[in-house]
Amino acid sequence: MKFTLKGLVPLFIFLALSIAFGFGLTKDPRKLPSQLIDRPFPEFLLPDLMDEENTLDNSYLQGQVTLVNIFGSWCVACDQEHPMLMKLSREGDIAILGVDWRDTREDGLRWLARGGNPYGRVVFDEHSKLAIDLGVTGAPESFLVDKKGQIRYKYIGPITQSVWDETLKPLAMRLEIEP
Amino acid sequence: MKTMLKLLFISVVSILLSLQALAQTPDAEIEQRAHKIGAALRCVVCQNQSIDESNAPLAADMRLMVRDRIRAGDSNAEVIGFMRERYGDFVLLKPPLQANTILLWFLPFAGLVLLFVWYIWRAKHKRKPMANIPLSENELAELEKLKKTQVRKKQGEQS
């Protein structure tokens, strides 16, 4: 049998495709970094979940590093994340703003009453106004906002101890030092 | 003269009326445009559905947002730009033609051209059929020998 390079062509094509698809698979288009990194937190004016009469706007984010956490009583992964947020709240390292997304006021309040309220304040985003402005696709999602009210990091999914220790905490500490 | 004035009056009135209609986009037009825009936007929580066809709650809110933007006077492109600013290129069902999508758009055509080039090349280099060379003496002798053994074998089988 004669050994020719031509016979290896299908093998080369296979290898090239494998490499291309291999790269493609590691890139999840859903996990693209938020469009809003290093941009100001979107303008919002939303009612306080605890107090219908009260509203909250961007001024809350000024002058402190804030973790903005999107949740909902309907969200299963939020249950999983909740103890971690409670722990952060007890330790008091960071201000946490809750965004109760696509919920009813009753259910949201009940959810917080059951597991405890880790949030400094909670806004009520019934019609996804803020969620769409933030490009939110699911709950939980969290944003780190610097003292000037700029979004610096987006995390999709429940915050776990290791996510906090390895990613969010170091970044939050760096933002804390910034003027 | 009178008819001229009449015509002028009618045209002025109709222009004013249409201007008014333009100023506040009628609901029917909003719906029509919202459907068109909605069909171009991906529902970000579903599998390859547009927000126009999806039942997901977030898609419903995005549809409302599209209508709000239209009412606020945005053009179709501006509404799509609004969503793209928030959700990135992922929200577009039809990938835009830009640096990172050039391969996606042109690889099929490049493949087609390559295939065509290969086809032409192959047609040009096709192997010609072998010429009709008569058998050499040695080969003839070999053939005869084979024939004989074959005949002998057959006779052996019959007897």
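One structure accompanies this document, and this report is about it. In this text the structure is predicted, and so the values were computed from the model without any measurement.

How each quantity is defined
Residues numbered from 1 in each chain as written. Chains lettered and ligands numbered in written order. Predicted model: local features only at pLDDT ≥ 70, side-chain atom pairs only at ≥ 80, totals over all residues. Helix = DSSP H or I, 4+ residues; strand = E, 2+ residues; numbered from the N terminus. Buried ≥ 20, exposed ≤ 12 C-beta atoms within 10 Å, placed from the backbone. Contact = placed C-beta atoms within 7 Å. Pairing = 2+ DSSP bridges. Right-handed = clockwise from strand over helix to strand, strands pointing away. Nonpolar A, V, L, I, M, F, W, Y, C, P; charged D, E, K, R; others polar. Axes fitted to C-alpha atoms, helices over the stretch in contact; angles between N-to-C directions. Parallel < 35°, antiparallel > 145°, perpendicular 65-115°, else oblique. Left-handed = near helix turned anticlockwise from the far one by under 90°. Expected span 1.5 Å × (residues − 1). Bend = angle between axes of the 7 residues up to and from the residue.

Counting secondary structure elements, chain A contains 5 helices and 7 strands. When its helices and strands are written in sequence order, chain A yields α-β-β-β-α-β-α-β-α-β-β-α. Expressed as a percentage of its 179 residues, the buried residues of chain A come to 33%.

The next point concerns the overall build of chain B. Helix and strand content of chain B: 6 helices and 0 strands. Along its sequence from the N terminus, chain B presents helices and strands in the succession α-α-α-α-α-α. Relative to its 159 residues, chain B shows a buried fraction of 14%. By sequence separation, contacts in chain B at least 24 residues apart represent 46% of the contacts at least 6 residues apart.

Moving on to the pairing of strand β5 (residues 121–125) of chain A. Residue and element names in this part refer to chain A. The buried fraction of β5 is high, at 4 of 5 residues. The sheet contact formed by strand β4 (residues 95–101) and β5 spans 5 bridges and is parallel. The residue of β5 that forms the bridge with leucine 97 is arginine 121. Following the backbone out of β4, through helix α3 (residues 105–115) and into the adjacent parallel β5, one traces a crossover that is right-handed.

Chain A puts 12 residues into the contact, and the matching count from chain B is 13 residues. Classifying every residue of the side of chain A that touches chain B by side-chain character gives 3 nonpolar, 6 polar and 3 charged.

Attention now moves to unusual backbone geometry. Negative phi is the rule for most residues except glycine; trans is the rule for most peptide bonds. Residues and elements named next belong to chain A. Cis geometry marks the peptide bond from alanine 139 to proline 140; its omega dihedral reads -5°. Mapped onto the elements of the fold, proline 140 is located in the loop between α4 (129–133) and β6 (141–145). In this model, aspartate 38 sits at a positive phi of 65°, which is unusual for a non-glycine residue. Assignment of secondary structure puts aspartate 38 in the loop between α1 (9–26) and β1 (45–47).

Residues and elements named next belong to chain B. Close contact between helix α2 (residues 27–40) and helix α4 (residues 76–87) brings their axes to 10 Å; oriented N to C, the two are set at 40°. Between α2 and α4, the angle falls in the class oblique. The handedness of the crossing between α2 and α4 comes out as right-handed. Residues Arg33, Lys36, Ile37 and Ala40 of α2 pack against Asn76, Val79 and Ile80 of α4. Taken together, the residues of the contact of α2 with α4 sort by class into 4 nonpolar, 1 polar and 2 charged.

All right, on to the sheet that holds strand β3 (residues 66–71) of chain A then. Residue and element names in this part refer to chain A. Strand order in the open sheet made by the 5 strands is β5-β4-β3-β6-β7, with mixed pairing throughout. The open sheet has two free edges, formed respectively by β5 and β7 (151–156), since each of these has just one partner strand. On average, each strand axis in the sheet is tilted by 20° relative to the strand beside it, whichever way the strands run.

Residues and elements named next belong to chain B. For the pair α2 and helix α3 (residues 57–71), the least separation of the axes is 10 Å and the interaxial angle reads 125°. By the angle between their axes, α2 is oblique relative to α3. At the point where α2 passes α3, the crossing takes the right-handed sense. The residues of α3 that touch α2, namely those facing Ile30, Arg33, Ala34, Ile37 and Gly38, are Arg63, Val66, Arg67, Ile70 and Arg71. Here the residues of the contact of α2 with α3 sort into 5 nonpolar, 1 polar and 4 charged.

With 23 residues, helix α5 (residues 102–124) of chain B extends 32 Å from end C-alpha to end C-alpha; this agrees with the ideal 33 Å at 1.5 Å per step. Its maximal kink placed at Pro108(B), α5(B) deviates by approximately 30°.

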